[in-house]
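Chain and residue survey
So the chains spell out like this:
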Amino acid sequence: MICTKGKAISLQKEGSFPLSRWRDSCAVTDESITANYFKYIWQQMYAYSPERKEEMRRRNNMAVSRGENPGTGKKQRFTKLEFKKSLDTLQYDGDPFILSWTGNGYRGMYYFTLYDALGKDSLYTDSTRLSYIDINKFANLLEPGTSYRWTVKAAAVPVSKKRVLNYVLPEEKQQLMDQLLKPLAIEEDSASVSFRIAYSLELRHYFSAAYQWYQQAAIQDPEMPIYRDQLTRFRNDYWIR
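Residues numbered from 1 in each chain as written. Predicted model: local features only at pLDDT ≥ 70, side-chain atom pairs only at ≥ 80, totals over all residues. Heavy atoms only, no water.

To continue, consider the overall build of the protein chain. Of regular secondary structure, the protein chain possesses 6 helices and 7 strands. Starting at the N terminus, the α and β elements of the protein chain follow one another as α-α-β-β-β-β-β-β-β-α-α-α-α. Counting across all 241 residues of the protein chain, residues that qualify as buried make up 37%. Considering only contacts in the protein chain between residues 6 or more positions apart, those separated by 24 or more positions represent 60%. (Helix = DSSP H or I, 4+ residues; strand = E, 2+ residues; numbered from the N terminus. Buried < 20%, exposed > 50% of the residue type's maximum accessible area, 1.4 Å probe, protein only. Contact = heavy atoms within 4.5 Å.)

Here's what the structure looks like:
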């Protein structure tokens, strides 16, 4: 069982257990990844309940739609590039992944620049009409254990702030995976394990590895809506096609 604050509780023997006695057991003082994960799972269980679906249906039916400013007919002016907040830092482990952004309908060229750790010396430049760039295009310039900075520029807007790309050492990632692969105190099936690992890797910005584990969870239990939905959400968030 999972409390609303993300604390997992297991019953180890038969008997009668009044819920009033569990109040202290649900207290969470440590903001651990595991506690956050179970809190997230609890929220998702509620999201897929019939009551929650009906509530969302009513909200959608009564929602006010947002469109163009009445009477002007003008499209929103392109004033800045937008980035997924989690892409402020990416933990690159050598597996393929893309760096992406949004240009709000912009159709011109984007100019990508990769810098050294201090963000001073330019190591690689490229231009594209796509709103993403594959790390494989410059992976041969990257060294394990080294940090880099990257920016994107478009016509008539300020250059984006420098974001971080860390090329993590293999042993650093392995240490993390050893930690995540340890069994929890509660029983999990293979799909649950894969999904928990994917969630934890995404929180730690190991996006390429997270994507692989999200895919694995969806394959292991294709009937579970949360696994399919989160895989789709991840693809949309990071422009994976």
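This is not the end of the story, as more comes after the structure.
Bringing the nonpolar core into the picture now. Counting 55 residues, the largest nonpolar core has L165 and L201 as its most contacted members. Per-element tally for this core: the top contributor is helix α5 (residues 207-220), with 8 residues. If near-sequence neighbours (up to four positions away) are discounted, L201 is found in contact with L176, M177, L180, Y206, A209, A210 and W213. (Core = buried A, V, L, I, M, F, W, Y, C linked by side-chain atoms within 4.5 Å.)

Turning to the environment of L90, a few remarks are in order. With respect to the helices, strands and loops of the structure, L90 is situated in strand β1 (residues 89-92). Judged by relative accessible area, which is 2%, L90 ranks as buried. With residues up to four places along the chain from it excluded, the contact list for L90 reads F97, L99, I135, V164, L165, N166, H205 and F207.

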